[in-house]
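What the coordinates show
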Amino acid sequence: MKIVYWSGTGNTEKMAEFIKEGIIGAGKNAETVVVSDVNVDELLKEEVIILGCSAMGDEVLEESEFEPFIDEISTKVSGKKVALFGSYGWGDGQWMRDFEERIIGYGCTIIDNPLIIQNEPDDCKQECIDFGIKIALA
Ligand SMILES: Cc1cc2nc3c(=O)[nH]c(=O)nc-3n(C[C@H](O)[C@H](O)[C@H](O)COP(=O)(O)O)c2cc1C
């Protein structure tokens, strides 16, 4: 399974690593890929796609790398199971509600609920691992 993410200061990246730990612990393969390195054709071979991005701008996805990537895959992901996650700061999670609605609009099924964690995820490591386990079993 591939976990594609964007992270400015490393918080979403840490979430990605903890989620990976959960997936591997549940007996599946997992690798993290920073969005600027993703091979979209390879990614689209996967039945399950795991996407992470922190809240940026004014409750939006990061605009120079992650947003174009989502735009690129938008017409190619119908029917896939997608898990969403990301770190945020001062907002109430609106960026992730909008992201979820978009992904559903592309014809995907959302695994569990998107996992959002405020700021640095160290205290929520187990929550991330549990999310990874749910993804592995989805
Ligand atoms: C340019 C910028 C814009 C941000 N916009 C929001 C926002 O709209 N809502 C929010 O909750 N947090 C916002 N934040 C806070 C980040 O989402 C938060 O620091 C998060 O932990 C960063 O995770 P990352 O290290 O994975 O990028 C913003 C941070 C930056 C630097």
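Residues numbered from 1 in each chain as written. Predicted model: local features only at pLDDT ≥ 70, side-chain atom pairs only at ≥ 80, totals over all residues. Heavy atoms only, no water.

Per an unreviewed UniProt entry, the recorded name for the protein chain is Flavodoxin, and the organism is Clostridium gelidum. The protein chain has a UniProt comment under Function (unreviewed entry) that states "Low-potential electron donor to a number of redox enzymes." Of the protein chain, the UniProt comment under Cofactor (unreviewed entry) reads exactly: "FMN". (UniProt positions renumbered as here; feature names shortened; annotations may be inferred.)

This paragraph deals with the overall build of the protein chain. Helix and strand counts for the protein chain stand at five helices and six strands. Against the 2.2 N^0.38 benchmark of 14 Å for 138 residues, the protein chain shows a C-alpha radius of gyration of 13 Å, consistent with a compact globule. Counting only C-alpha atoms and orienting by the principal axes, one finds that the protein chain spans roughly 35 × 35 × 25 Å. A total of 138 residues make up the protein chain; the buried ones form 47% of that total. Of the contacts formed within the protein chain by residues at least 6 apart in sequence, a portion of 75% connects residues at least 24 apart. Looking at the protein chain as shown, the accessible area adds up to about 6,700 Å², and 45% of this sits on carbon and sulfur atoms. Considering the protein chain, the positive charge centre built from 12 side chains and the negative charge centre built from 27 side chains are found 8 Å apart. (Helix = DSSP H or I, 4+ residues; strand = E, 2+ residues; numbered from the N terminus. Rg over C-alpha atoms; globule rule 2.2 N^0.38 Å. Buried < 20%, exposed > 50% of the residue type's maximum accessible area, 1.4 Å probe, protein only. Contact = heavy atoms within 4.5 Å. Areas by Shrake-Rupley, 256 points an atom, 1.4 Å probe, with all protein chains shown as cover. Lys, Arg positive; Asp, Glu negative; His and termini not counted. Charge placed at Lys NZ, Arg CZ, Asp CG, Glu CD.)

Further remarks concern the pairing of strand E6 (residues 115-118). Where burial is concerned, the two faces of E6 differ: the one with Leu115 and Ile117 is buried and the one with Ile116 and Gln118 is not. The pairing of strand E4 (residues 81-88) with E6 spans four bridges and is parallel. Counted as the bridge partner of Phe85 is Leu115 from E6. (Pairing = 2+ DSSP bridges.)

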